[in-house]
Amino acid sequence: MTQPEWDALRPHILWLGAGRPVKDLRARVDGFFWIATSRRPWKDLPEAFGKPDTVSRQFRRLTQRHLWQKLLHLLAEPGASPGLRALEHWICRACQRAMRCAGMSLITAAQRLGFLTALRGPSFLLPDVDLSERYRRITEFFLTRLMKDRNSVPKGVFALCGRLLTFAGGRRRIPRCLWPE
């Protein structure tokens, strides 16, 4: 990471946790990005970035503080700094790595902001909060109308409503071969 990139990123990841302050925060962030781009396990992290357990713990803590969502929002702004824009690829890869810990909030932020490379697979296979809300409203509307006269309910309507909601919920597992590069 170059000095202008680090200067653009540093204000957003200052250490605010309990305990001792981090000696070399830049090395840890480089470790985050190294792990994210290499897709290797934390135990393979080179010693130059710090102890793997410590770096992974800090990665999880920053993920739980919604760091990656904040960075995606900053990247989406038209006036984002060039240093931060230069880190877009690494931030998106780190988002892929953080997806398991961050959950739906990170998936939703990436989808709404248009950072599809930050997702761990094609967007149509991932859960979509907006789509599921639309499907819920549509199925609720039709089911309330249909329940008034149960004899006029076409065969398979309830199954169709269930399939629509399941589709909006996304796949449970997405093979790695479908993950973006």
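See the structure shown above.
Please read these numbers as outputs of a predicted model, since none were measured by experiment. Residue positions are given per chain, counting from 1 as you read along its sequence in written order. Owing to the predicted nature of the model, reporting of local features is limited to residues with pLDDT of at least 70; listing and counting of side-chain atom pairs is limited to 80 or more, with chain, interface and lining totals taken over all residues. The side-chain quantities take in all heavy atoms of the structure and omit both hydrogens and water.

Draft legend 1. Here's a closer look at the overall build of the chain. Helix and strand definitions follow DSSP, with helices as H or I runs of at least four residues and strands as E runs of at least two, each counted in order from the N terminus. Per the secondary structure count, the chain includes nine helices and zero strands. Scanning the chain from its N terminus toward the C terminus, one meets helices and strands in the order α-α-α-α-α-α-α-α-α. Here a residue-residue contact requires only that any non-hydrogen atoms of the pair lie within 4.5 Å. Taking the intrachain contacts of the chain between residues at least 6 apart in sequence as the baseline, contacts between residues at least 24 apart amount to 58%. Surface exposure here means Shrake-Rupley accessible area, sampled with a 1.4 Å probe, where a residue is shielded only by the protein chains that are shown. In the form shown here, the chain has an accessible surface area of approximately 11,300 Å², with 55% of it arising from carbon and sulfur atoms.

Draft legend 2. Broad picture of a positive patch on the surface. Each patch is built from residues lacking any salt bridge and having more than 30% relative accessible area; the joining distance is 9 Å for like charges and 5 Å for nonpolar side chains (Val, Leu, Ile, Met, Phe, Trp, Tyr). The term salt bridge refers to a side-chain nitrogen of Lys or Arg lying within 4 Å of a carboxyl oxygen of Asp or Glu. We treat Lys and Arg as the positive residues and Asp and Glu as the negative residues; His and chain ends play no part in the count. Where a charge lies is defined by one atom per residue type, namely NZ (Lys), CZ (Arg), CG (Asp) and CD (Glu). A surface patch of positive charge is lined by Arg57, Arg60, Arg61, Arg65 and Lys70. Considering each element in turn, the positive patch owes the most residues, three residues, to helix α3 (residues 52–64). Its place among the elements puts lysine 70 in helix α4 (residues 67–76).

Draft legend 3. A look at the pattern of salt bridges. One pass over the structure, following the stated rule, counts two salt bridges. For arginine 10, the salt bridge is made with aspartate 7, and the minimal N-O distance between the two is 3.0 Å. The partner of arginine 40 in a salt bridge is aspartate 44, and the shortest N-O contact between them spans 3.5 Å. Judged by relative accessible area, which is 40%, arginine 40 ranks as partly exposed. Residue exposure (1.4 Å probe, protein chains only): buried if accessible area is under 20% of the type maximum, exposed if over 50%, otherwise partly exposed.

Draft legend 4. Geometry of helix α8 (residues 129–148). Between its terminal C-alpha atoms α8 stretches 29 Å, which fits the 28 Å expected from 20 residues at 1.5 Å a residue. Buried-residue contacts for α8 involve α9 (157–168). Here the expected length of a helix is defined as 1.5 Å per residue gap, with one fewer gap than residues.

Draft legend 5. Examining the side chain of arginine 28 more closely. With respect to the helices and strands, arginine 28 occurs in helix α2 (residues 25–38). Although arginine 28 is buried, it forms no salt bridge, and the closest oppositely charged side chain is aspartate 24 at an N-O distance of 8.3 Å. What arginine 28 contacts, discounting residues up to four positions off in sequence, is Val22, Phe49, Thr54, Val55 and Gln58.

Draft legend 6. Region of interest: α2. An ideal rise of 1.5 Å per residue puts 20 Å on 14 residues; α2 measures up with 20 Å between its terminal C-alpha atoms. For α2, a buried count of ten out of 14 residues is recorded, marking the element as mostly surrounded by other parts of the structure. Among all positions of α2, only Leu25, Ala27, Arg28, Val29, Asp30, Gly31, Phe32, Phe33, Ile35 and Ala36 are buried. Looking at the buried residues of α2, the elements they touch are α1 (3–9), α3, α4 and α6 (88–102). At the C-terminal side of α2, arginine 39 shows a positive phi close to 55°.

Draft legend 7. Structural context of the packing of aromatic side chains. Any two of the Phe, Tyr and Trp rings considered here, Trp counted by its six-membered ring, make a pair once their centres fall within 6.5 Å; the pair's planes then place it as stacked at under 30 degrees, edge-to-face at over 60, or tilted in between. In this structure the tally under the stated criterion is six aromatic pairs. Here phenylalanine 32 and tryptophan 68 contribute two aromatic rings whose centre-to-centre distance is 6.5 Å and whose plane-to-plane angle is 75°, an arrangement assigned as edge-to-face. With phenylalanine 32 in helix α2 and tryptophan 68 in helix α4, this residue pair connects regions lying 36 residues apart in the sequence. Looking at phenylalanine 32, the relative accessible area reads 2%, which means it is buried. On the basis of relative accessibility, which here comes to 1%, the residue tryptophan 68 falls in the buried class. Through a chain of ring-to-ring contacts, the aromatic side chains of Phe32, Phe33, Trp42, Phe59 and Trp68 assemble into a single cluster.

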